[in-house]
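Observations on the three-dimensional arrangement
Read off the chains here:
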Amino acid sequence: MHCLNVELGERSYPIIIGSQLLGDAQHLLPYIRGKQVCVVTNETVAPLYLSRVLEALSEFDKVDTIELPDGEAFKTLDTVNRIFDLLLERRHNRSTTLIALGGGVVGDMTGFAAACYQRGVDFVQIPTTLLAQVDSSVGGKTGVNHPLGKNMIGAFYQPRVVIADMDTLATLPEREFSAGIAEVIKYGLICDEPFFCWLEDNISRLMARDPQALAYAVDRSCRDKAAVVAEDERESGRRAILNFGHTFGHAIEAVQGYGNWLHGEAVAAGMVMAAELSHLRGSIEAGLVERVRALLEAARLPTAAPQGMTTEAFLDAMAVDKKVMDGRLRLVLLRALGDAQIIDDTPRELIEQALQTCGAT
Ligand SMILES: NC(=O)c1ccc[n+]([C@@H]2O[C@H](COP(=O)([O-])OP(=O)(O)OC[C@H]3O[C@@H](n4cnc5c(N)ncnc54)[C@H](O)[C@@H]3O)[C@@H](O)[C@H]2O)c1
Ligand SMILES: O=C(O)C(=O)C[C@@H](O)[C@H](O)[C@H](O)COP(=O)(O)O
Ligand SMILES: [Zn+2]
């Protein structure tokens, strides 16, 4: 077990990474201030891990649980409202703590519910997917989707602690595991060249879920993300690099229908598009785009647009991106391997060319 910190002044918190952490009260209880707790999970994760978390909570007066329906299609205000209904029916007050047990969908909604319920209650992240352990549980972006755009309603709201039990990854389906690797590769590309090279050398071990390789990748990803978040908690500047591939990826998720392409899959294809565009602008060599494609393919991730998705559909969906300012797209592109920048003057024709090179019709 080891621990690293997200340094945010009075909102700082630890990320605890290890094994056999779920039932372990010692790591959880110091971060729960009141006597009421509500564990938010879903119908898939509950039968696997809920009982272990409840063991750690046996000393509390009031422990409620809510099992949400599973899937990106349920990351909505209606689902968050079900959390509010339970909290009110069961008379949870401002001293309650919400515990998110699950992947990024559960984590994003629980965090958002915590930010809103009685204007803010504590919450804890217990991420159980690779994607949630390396990305979504860290940094305090919470929220839900809207039919017109990904994560359009939300809040910045930090957890009190993140407890990442790597044992939970043993039950993760292959496709979900690959989706998590997409965000891991993202860190190498945007801010950590040595990590990208390490990933190229170790991708087979990682895909075989070698415990040492996996522990290294989770730790390094969390460190990279924590450093960026500590510099710019509310994305007024540098934090936007964590959105590399996401303007394209979010368009894919929304146009294909939430849940048809997994978030990590859409980000993988989006990162190839962003790399291709960086090359078309003259910032990086074609060889680096090929390295990005090859690594993502080795992680069994898509590297091209969904079949039949048009350039027009991409551009329409990308126009609602949260980074758009004064009607101009702001895209995260590569200046070099391990060095991302935010660019707001990319000609539309170049974006269209990058999309078409990546299979958009
Ligand atoms: N807040 C952020 O900073 C941030 C960062 C990245 C992604 N996200 C969001 O996170 C979401 C994606 O998260 P995700 O990839 O974890 O998807 P997810 O939450 O849908 O989980 C993936 C699937 O795995 C199941 N599952 C979870 N843990 C399991 C386990 N241990 N064993 C077996 N099955 C398990 C889930 O029930 C689900 O079916 C997206 O909505 C994305 O927008 C948020
Ligand atoms: O933490 C961040 O900042 C990120 O951008 C991480 C992304 O991987 C994540 O998908 C995030 O939810 C995207 O946020 P959004 O603001 O583009 O909706
Ligand atoms: Zn993401």
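Residues numbered from 1 in each chain as written. Chains lettered and ligands numbered in written order. Predicted model: local features only at pLDDT ≥ 70, side-chain atom pairs only at ≥ 80, totals over all residues.

**Overview of the site of ligand 1**
Around ligand 1, the structure places 29 residues, and the nearest of them are Gly103, Gly104, Val105, Thr129 and Ser136. Secondary structure elements with two or more residues in the shell around ligand 1: helix H4 (104-116), helix H5 (130-136), helix H6 (174-191) and helix H10 (263-280). Class assignment for the residues of the shell around ligand 1 results in eight nonpolar, 14 polar and seven charged. Each of domain 1 (2-171) and domain 2 (174-357) gives at least three residues to the shell around ligand 1. (Near = placed C-beta within 6 Å. Helix = DSSP H or I, 4+ residues; strand = E, 2+ residues; numbered from the N terminus. Nonpolar A, V, L, I, M, F, W, Y, C, P; charged D, E, K, R; others polar. Domains from an automatic or database assignment.)

**Focus on the domain arrangement of the chain**
Each assigned domain of the chain is listed with its residue range as follows: domain 1 (2-171) and domain 2 (174-357). Once you take the C-alpha centre of each, domain 1 and domain 2 turn out to be 26 Å apart. Listed as interface residues are 27 residues of domain 1 and, on the opposing side, 29 residues of domain 2. At the level of elements, strand S1 (2-6), strand S2 (13-18), H5 and strand S8 (149-156) are the ones that each hand at least two residues to the side of domain 1 that touches domain 2. (Contact = placed C-beta atoms within 7 Å.)

**Structural notes on the site of ligand 2**
Within the structure, ligand 2 sits among Asp135, Gly139, Lys141, Lys150, Asn151, Glu183, Glu235, Arg239, Leu242, Asn243, His246 and Lys322. Looking at side-chain class alone, the shell around ligand 2 contains one nonpolar, four polar and seven charged residues. Each of domain 1 (2-171) and domain 2 (174-357) gives at least three residues to the shell around ligand 2.

**Re the packing of H10 against helix H11 (residues 286-298)**
At a closest axis distance of 9 Å, the pairing of H10 and H11 adopts a crossing angle of 175°. By the angle between their axes, H10 is roughly antiparallel relative to H11. Note on element contacts: H11 touches H10 through Ala286, Leu288, Val289, Val292, Arg293 and Leu296, opposite Ala268, Met271, Val272, Ala275, Glu276 and His279. Looking at the contact of H10 with H11 residue by residue, the class counts come to nine nonpolar, one polar and two charged. (Axes fitted to C-alpha atoms, helices over the stretch in contact; angles between N-to-C directions. Parallel < 35°, antiparallel > 145°, perpendicular 65-115°, else oblique.)

**A few points about the nonpolar core**
Counting residues in each nonpolar core, the largest one holds 118 residues, and the members touching the most others are Val40, Ile99, Leu101 and Ala274. Considering every element that reaches this core, the biggest residue donor is H10, with eleven residues. Structurally, this core is a two-domain feature, drawing no fewer than three residues from each of domain 1 (2-171) and domain 2 (174-357). Aside from chain neighbours lying at most four places away, what touches valine 40 is Ile66, Leu68, Ile83, Leu98, Ile99, Ala100, Leu101, Val106 and Thr110. (Core = buried A, V, L, I, M, F, W, Y, C linked by C-beta atoms within 7 Å. Buried ≥ 20, exposed ≤ 12 C-beta atoms within 10 Å, placed from the backbone.)

**Quick notes on the UniProt feature "binding site: Zn(2+)" (unreviewed entry) in the chain**
Annotation from UniProt places "binding site: Zn(2+)" (unreviewed entry) at Glu183, His246 and His263. Taken along the chain, the residues just named run across 81 residues; in space they keep tight, none of their C-alpha pairs more than 10.3 Å apart. Here glutamate 183 is to be found in helix H6. When sequence neighbours within four positions are dropped, the list of residues in contact with glutamate 183 reads Leu131, Val134, Asp135, Gly264 and Val267. When you line up the elements, histidine 263 lands in helix H10. If sequence neighbours within four positions are ignored, histidine 263 has contacts with Glu72, Gly104, Leu131, Ala179 and Glu253. (UniProt positions renumbered as here; feature names shortened; annotations may be inferred.)

**Let's talk about helix H9 (residues 246-256)**
Along H9, nine of the eleven residues are buried, which leaves the element largely enclosed by surrounding structure. Buried within H9 are the following residues: His246, Thr247, Phe248, Gly249, His250, Ala251, Ile252, Glu253 and Ala254. Just downstream of H9, glycine 257 is the residue with a positive phi angle, here 95°.

**Structural notes on the packing of H9 against H10**
Two packed helices can be described by the angle between their axes and the distance between those axes. Close contact between H9 and H10 brings their axes to 7 Å; oriented N to C, the two are set at 135°. Regarding the angle of H9 to H10, the classification is oblique. Both H9 and H10 take part in a crossing whose hand is right-handed. From H9, His246, Thr247, Phe248, Gly249, Ile252 and Glu253 reach across to H10, where they touch His263, Ala266, Val267, Ala269, Gly270, Met273 and Ala274. The residue inventory of the contact of H9 with H10, partitioned by class, reads seven nonpolar, five polar and one charged. (Left-handed = near helix turned anticlockwise from the far one by under 90°.)

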